[in-house]
Amino acid sequence: MEFRQSNQSARFANPDSADDEQARRDSYIYLGSVLHGVFSTIRTTADIEPALRRLELDGILYDATLTRERIQQLIRNRLADPRVAEFFAPHWTLFNECTIIDVDPDSGQPRERRPDRVMTDGQQTIVVDFKFGREREEYHEQVRQYMALLQRMGHNNIRGYLWFVYANRVVEVNYS
């Protein structure tokens with residue numbers, strides 16, 4: 001009998017680094033991957049605890065640096081922002097990490113787009129993309145593309161947001 005790393009935990013594993021700066025950067029990326037995984041699997045705040053339990057069982061939360069309690073506290077702090085809490089309200093019909101297939105107009109080839117979170121209540125549709133680094137114009141363009149796809153799919157009253165999780169900053173993306 002032997003122990004092996006689970007497939008899930010291998011997805012998040014970082015190579016060891018002797019360089020402190022690199023280790024901090026790796027830790028930052030690792031935490032972002034874990035948080036993204038949590039946010040992409042939960043529907044409402046009631047789903048946080050089961051999602052974290054699943055990460056523990058899968059071997060993703062495994063040491064004193066990255067505990068379920070630490071992640072849970074960080075998530076709760078972020079969800080204290082009413083704009084963010086609204087993204088996880090129970091009244092939405094939710095499409096988490098659902099692929100939208102489109103055709104590239106230049107090549108005619110199919111391409112996949114995968115917004116982090118699309119929510120609708122029948123009157124409005126909201127697309128949110130989670131980000132864990134610095135703001136970039138390409139992120140705005142990415143959300144605008146998602147909004148255009150949703151409009152072509154027949155959705156109306158579409159709003160798009162970038163949520164910079166570490167900074168807990170929500171930026172509305174203008175679509176014209």
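Above this text you will find the structure in question.
In short, a report on the structure. Since the model is a prediction, treat every value here as computed from it, not as a measurement.

Parameters at a glance
- Residues numbered from 1 in each chain as written.
- Predicted model: local features only at pLDDT ≥ 70, side-chain atom pairs only at ≥ 80, totals over all residues.
- Heavy atoms only, no water.
- Helix = DSSP H or I, 4+ residues; strand = E, 2+ residues; numbered from the N terminus.
- Buried < 20%, exposed > 50% of the residue type's maximum accessible area, 1.4 Å probe, protein only.
- Contact = heavy atoms within 4.5 Å.
- Polar contact = N/O pair within 3.5 Å; in protein donor to acceptor, adjacent residues only side chain to side chain.
- Axes fitted to C-alpha atoms, helices over the stretch in contact; angles between N-to-C directions.
- Parallel < 35°, antiparallel > 145°, perpendicular 65-115°, else oblique.
- Left-handed = near helix turned anticlockwise from the far one by under 90°.
- Salt bridge = Lys/Arg side-chain N within 4 Å of Asp/Glu carboxyl O.
- Pairing = 2+ DSSP bridges.

Within the chain, the regular secondary structure consists of six helices and seven strands. Order of helices (α) and strands (β) in the chain, N terminus to C terminus: α-α-α-α-α-β-β-β-β-β-α-β-β. Here the chain, with 176 residues, has 41% of them falling under the buried criterion. Restricting the contact set of the chain to residue pairs at least 6 apart, pairs at least 24 apart contribute 57%.

Before going further, it helps to spend a moment on the side chain of threonine 125. Along the chain, the position of threonine 125 falls in strand S5 (residues 125-131). Given the relative accessible area of 2%, threonine 125 is considered buried. There is a polar contact of 3.3 Å between the side chain of threonine 125 and the side chain of threonine 120. The residues contacting threonine 125, other than those within four sequence positions of it, are Val118, Met119, Thr120, Leu150, His155, Asn156, Asn157, Ile158 and Arg159.

What follows is about the side chain of glutamate 97. Following the sequence through the fold, glutamate 97 ends up in the loop between strand S1 (93-96) and strand S2 (100-103). For glutamate 97, a relative accessible area of 17% translates into the label buried. Leaving out residues up to four positions away in the same chain, glutamate 97 has contacts with His36, Ser40, Arg114, Pro115 and Asp116.

Quick look at the packing of helix H3 (residues 48-57) against helix H4 (residues 68-79) now. How two helices pack is summed up by the angle between their axes together with the distance between the axes. The contact between H3 and H4 brings their axes to 10 Å, and the two run at 150°. Relative to H4, the element H3 lies roughly antiparallel. Seen from above, H3 lies across H4 with right-handed handedness. The segment H3 lies against H4, with Ile48, Glu49, Leu52, Arg53 and Glu56 engaging Arg68, Ile71, Gln72, Ile75, Arg76 and Leu79.

Here we come to the pattern of salt bridges. Side chains bearing opposite charge may pair, as long as their charged atoms lie close to each other. For the structure shown, the criterion picks out 13 salt bridges. Its salt-bridge partner being arginine 83, residue aspartate 81 comes within 2.8 Å of it at the nearest N-O pair. Judged by its relative accessible area of 13%, aspartate 81 is buried. We note a salt bridge from aspartate 129 to lysine 131, for which the minimum N-O separation is 2.9 Å. On the basis of relative accessibility, which here comes to 12%, the residue lysine 131 falls in the buried class. Counted as one network, the salt bridges with shared partners bring together Glu49, Arg53, Glu56 and Arg68.

Hydrogen bonds between backbone groups are what pair the strands of a sheet, and the pairing can be parallel or antiparallel. The sheet built from five strands is open, its strands ordered S1-S4-S5-S6-S7 with mixed pairing. In this open sheet, the two strands that pair with only one neighbour each are S1 and strand S7 (169-173). Within this sheet the neighbouring strands show an average axis-to-axis angle of 20°, counted without direction. Summarising the sheet, S5 and strand S6 (residues 158-164) pair through seven bridges and their orientation is parallel. Each bridged residue has a counterpart across the sheet, and for aspartate 129 the counterpart in S6 is leucine 162.

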